[in-house]
Amino acid sequence: MSIEKVVIVGSGPAGLTAAIYAARAALQPLMFEGFNAGGLIPGGQLMFTTDVENYPGFPEGVMGPTMMQAFRDQAERFGTRFIREDVRKVDFSKRPFTLESDEHNVQAHAVVIATGARANWMGLENELRLAKSGGGVSACAVCDGALPIYRDQDLVVVGGGDSAVEEGSYLTKFAKMVYLVHRRDQLRASKTMQQRFFKLVEEGKMKPVWDSILVDVHGDQSITGVRLRNVKSDELRDLNCKGLFLAIGHTPNTELFKESLELDDKGYVKPPNPGNTYTNVEGVFAAGDVVDHTYRQAVTAAGTGCMAALDAERWLAAQGLE
Ligand SMILES: Cc1cc2nc3c(=O)[nH]c(=O)nc-3n(C[C@H](O)[C@H](O)[C@H](O)COP(=O)(O)OP(=O)(O)OC[C@H]3O[C@@H](n4cnc5c(N)ncnc54)[C@H](O)[C@@H]3O)c2cc1C
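Residues numbered from 1 in each chain as written. Predicted model: local features only at pLDDT ≥ 70, side-chain atom pairs only at ≥ 80, totals over all residues.

K.L.:
Just checking my understanding: could you explain helix α5 (residues 162–171) for this structure?
P.N.:
In an α-helix there are 3.6 residues to a turn, and that puts residues three or four apart on one side. Across the 10 residues of α5, 8 count as buried, placing the element largely inside the fold. All buried positions along α5 are accounted for by Ser163, Ala164, Val165, Glu166, Glu167, Gly168, Ser169 and Leu171. The inward-facing, buried residues of α5 contact α4 (141–144), β11 (154–158), β12 (177–181), α6 (191–202), β13 (206–209) and β17 (243–246). (Buried ≥ 20, exposed ≤ 12 C-beta atoms within 10 Å, placed from the backbone. Helix = DSSP H or I, 4+ residues; strand = E, 2+ residues; numbered from the N terminus. Contact = placed C-beta atoms within 7 Å.)

K.L.:
Please clarify how the site of the ligand should be interpreted in this entry.
P.N.:
Close contacts around the ligand come from 44 residues, with Gly12, Gly34, Gly44, Gly116 and Gly288 the closest. Mapped by element, the contributors of at least two residues to the shell around the ligand are α1 (13–24), β9 (117–119) and α7 (298–319). Per-class residue counts for the shell around the ligand are 24 nonpolar, 16 polar and 4 charged. Counting residues domain by domain, the shell around the ligand receives three or more from each of domain 1 (3–118 + 250–319) and domain 2 (121–246). (Near = placed C-beta within 6 Å. Nonpolar A, V, L, I, M, F, W, Y, C, P; charged D, E, K, R; others polar. Domains from an automatic or database assignment.)

K.L.:
Would you explain helix α2 (residues 64–77) in this entry?
P.N.:
A rise of 1.5 Å per residue sets the reference length of α2, with its 14 residues, at 20 Å; its end C-alpha atoms lie 20 Å apart and thus fit the reference within 8%. All buried positions along α2 are accounted for by Gly64, Met67, Met68, Phe71, Arg72 and Ala75. Looking straight down α2, one finds its buried side chains confined to an arc of 140°; they lie on one side. Set apart from the buried face of α2 by more than 90 degrees, the exposed residues are Thr66, Asp73 and Arg77. Of the surrounding secondary structure, the elements contacted by the buried residues of α2 are α1, β3 (51–52) and β4 (62–63). Directly beyond the C-terminal end of α2, a positive phi value near 105° is found at Gly79. (Expected span 1.5 Å × (residues − 1). Arc of directions from axis to C-beta.)

K.L.:
Is there a simple way to explain the sheet that holds strand β16 (residues 236–240) in this structure?
P.N.:
Whether parallel or antiparallel, the strands of a sheet pair through hydrogen bonds between backbone atoms. As summarised here, the arrangement of the 3 strands in space is β14-β15-β16, forming an open sheet in which the pairing is antiparallel. Single-partner strands in this sheet number two, and they are β14 (212–219) and β16. With direction set aside, neighbouring strand axes in the sheet form an average angle of 25°. Where strand β15 (residues 223–230) meets β16, 5 bridges bridge the pair, whose relative direction is antiparallel. (Pairing = 2+ DSSP bridges. Axes fitted to C-alpha atoms, helices over the stretch in contact; angles between N-to-C directions.)

K.L.:
Sorry if this is basic, but what is going on with the domain arrangement of the protein chain here?
P.N.:
With domains assigned, the protein chain is organised as domain 1 (3–118 + 250–319) and domain 2 (121–246). The partner domain 2 presents 4 residues to the 4 residues of domain 1 that form the contact.

K.L.:
In this structure, what is going on with the packing of α1 against α2? I would like to understand it.
P.N.:
Packed helices, taken two at a time, are described by the angle between their axes plus the distance between the axes. Put simply, α1 and α2 touch, their axes get as near as 8 Å, and they point 25° apart. Considered as vectors, α1 and α2 are oriented roughly parallel to each other. Considering only the axes of α1 and α2, their crossing is left-handed. Taken together, the residues of α2 that come into contact with α1 (itself represented by Pro13, Leu16, Ala19, Ile20 and Ala23) are Phe71, Arg72, Gln74 and Ala75. Its residues assigned to classes, the contact of α1 with α2 shows 7 nonpolar, 1 polar and 1 charged. (Parallel < 35°, antiparallel > 145°, perpendicular 65-115°, else oblique. Left-handed = near helix turned anticlockwise from the far one by under 90°.)

Dropping the structure here:
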């Protein structure tokens, strides 16, 4: 069996950018672009969105799937080879590394992991339908909050941690009022974030809705409101709004690596030296949302994908394996 120089797992912005750089460095990368692992498809999370308005180079915005097809075309043009399957098993305990899918068993000197993460949803039918159709339901305020549909409107954020406060406070730049719906009567967020939240409440920009969970989303083409249930009284309440932002965490796609790589307490790949893309296994690199629970943007994923390819190239050169 021949040994690949670099195998890339995942075909979102991180994986495809790594592929472009690795291919241009004549490493002939092989990419497992996924099939349906982690509920994602080839192209990654942006295949589930409509307009991407914050990726540089597209002054008029671009449809997520169109952008990802362009990434893929560019990677292919420089010689990336693709396998449209999920990796099911890896062995990073000895070199060369091995990666297995249903139909392929591959050996590699270096591996770039770019399997991404998925936003957690409540799983309500209307929530998921309106999220897919761009009907005012989102899991990313920084991605979508500046869209005209949310300007001067009442918006709802669900969650009680740092991300929820972060997303909510970002939305206050545009919204009339941001309601923060949390299932408890106090936030899980850090002290600093709590202070930020209560300042915004004082300023009349945010309002807490305590002890409440989201039980339904109203609206046909776009959201008109949400139904909440008070967990203490069981009382149902409808709240009108033009936007709903879920901030109840993300799940990194690292199930496959939990025996092979060091992960943090949330399951993200843990880089031993922040600032590069090395993992705790020499020769295995990680990029994109699978290591990033802070920024989670296409451009940061692409940036770290570039770093991973350069790190892999230099590491291979140092081993005499180019
Ligand atoms: C609805 C939505 C809208 C968004 N809008 C924006 C936006 O407007 N602007 C912005 O900057 N960001 C946006 N984001 C965030 C952005 O999509 C992510 O930050 C980015 O896609 C992360 O890229 P990634 O390459 O790390 O991983 P992902 O895009 O998550 O891709 C992961 C890839 O890994 C593959 N994979 C997973 N497991 C396996 C396996 N076992 N074997 C093989 N392949 C596997 C998947 O198939 C997928 O191809 C949005 C996210 C969502 C969900």
